[in-house]
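Residue-level structure breakdown
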Amino acid sequence: MREVFIALGSNLGVPDQNVLRAMARLAQQFPEGFRSSEIYRTEPVDMAADATDFANAVVAFQSGLPLETLLSNLQALEAAFGRPKDHGKNTPRTLDLDLIAAGDETLSTPALTVPHPKVLDRRFVLQPLQDIAPEFRFPGINERLTILIQRAPSLGIALWG
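Read on for an overview of the structure. This structure is a prediction, so every number in the text was calculated from the model and none was measured.

Calculation criteria
Residues numbered from 1 in each chain as written. Predicted model: local features only at pLDDT ≥ 70, side-chain atom pairs only at ≥ 80, totals over all residues. Heavy atoms only, no water. Axes fitted to C-alpha atoms, helices over the stretch in contact; angles between N-to-C directions. Helix = DSSP H or I, 4+ residues; strand = E, 2+ residues; numbered from the N terminus. Parallel < 35°, antiparallel > 145°, perpendicular 65-115°, else oblique. Left-handed = near helix turned anticlockwise from the far one by under 90°. Contact = heavy atoms within 4.5 Å. Nonpolar A, V, L, I, M, F, W, Y, C, P; charged D, E, K, R; others polar. Phe/Tyr/Trp six-rings, centres within 6.5 Å; stacked < 30°, edge-to-face > 60°. Buried < 20%, exposed > 50% of the residue type's maximum accessible area, 1.4 Å probe, protein only. Expected span 1.5 Å × (residues − 1). Arc of directions from axis to C-beta. Salt bridge = Lys/Arg side-chain N within 4 Å of Asp/Glu carboxyl O.

1. Some details on the packing of helix α1 (residues 15-29) against helix α2 (residues 67-80)
- Look at α1 against α2: their axes get within 11 Å of each other, and the N-to-C directions meet at 140°. Here α1 is positioned oblique relative to α2, judged by the angle of their axes. Regarding α1 and α2, the two cross each other, and that crossing is right-handed. Residues A22, R25, L26 and Q29 of α1 pack against N73, L74, L77 and A80 of α2.
- Class assignment of the residues belonging to the contact of α1 with α2 gives a composition of 5 nonpolar, 2 polar and 1 charged.

In structure tokens, the structure reads:
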């Protein structure tokens, strides 16, 4: 068993409710050590000018599943929320789930890279991650989250509300 961290995002429908519902489903599926961040409203990054704000959060839980199996479970949940398998990059979505870290494990396959390869550029992931794991350090990166957040590209981000 190791602690895994999943980033959640949504900007279609009622984004904060999509994230809350997905959190509840993940908590049912992975109850051991489950905890969740606040939900943040963030401006869309690298999307069309008319894209609406995202609801973003991070959850953590204990899992012994192989990472590829965990990824399949996350993709099935995205599909249950109406996300098409061929969704394309930087498009609006009802639910986006990214496996951002799994304890001190690293993995690089055609289907999955852990830690997530873009996590250091995503303030909308780092900020909620700090809510639930302020002392977490990514494998191979001996920097505190506060420093990583300061280095991440600027982004309009605030608590949802």
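2. Some thoughts on the packing of aromatic side chains
- What the rule picks out here adds up to 4 aromatic pairs.
- Residues F5 and F136 carry aromatic rings whose centres are separated by 4.8 Å and whose planes lie at 55° to one another, so their mutual orientation is tilted. Separated by 131 residues along the polypeptide, F5 in strand β1 (residues 2-10) and F136 in the loop between α3 (123-132) and α4 (145-151) bring together distant segments of the chain.
- For F5, a relative accessible area of 1% corresponds to the buried category.
- Centre to centre, the rings of F136 and F138 are 5.0 Å apart; their planes meet at 85°, and the pair counts as edge-to-face.
- Given the relative accessible area of 12%, F136 is considered buried.

3. A word on α1
- In this model α1 runs 21 Å from its N-terminal to its C-terminal C-alpha over 15 residues, within 8% of the 21 Å that 1.5 Å per residue would give.
- Taken as a whole, α1 has its buried residues at P15, D16, N18, V19, A22, M23 and L26. Buried residues in α1, looked at end-on, bunch into an arc of 155°, giving them a common side.
- Residues of α1 that are buried make contact with β1, β2 (35-36), β4 (54-63), α2 and β5 (96-102).

4. What about the pattern of salt bridges?
- In the structure shown here, the tally under the stated rule is 9 salt bridges.
- Three or more residues joined by partner-sharing salt bridges are found here, namely E78, R83, R93 and D96.

5. A closer look at unusual backbone geometry
- Residues V114 and P115 are joined by a peptide bond in cis, for which omega reads -5°.
- Turning to its location among the elements, P115 is positioned in the loop between β7 (113-114) and α3.

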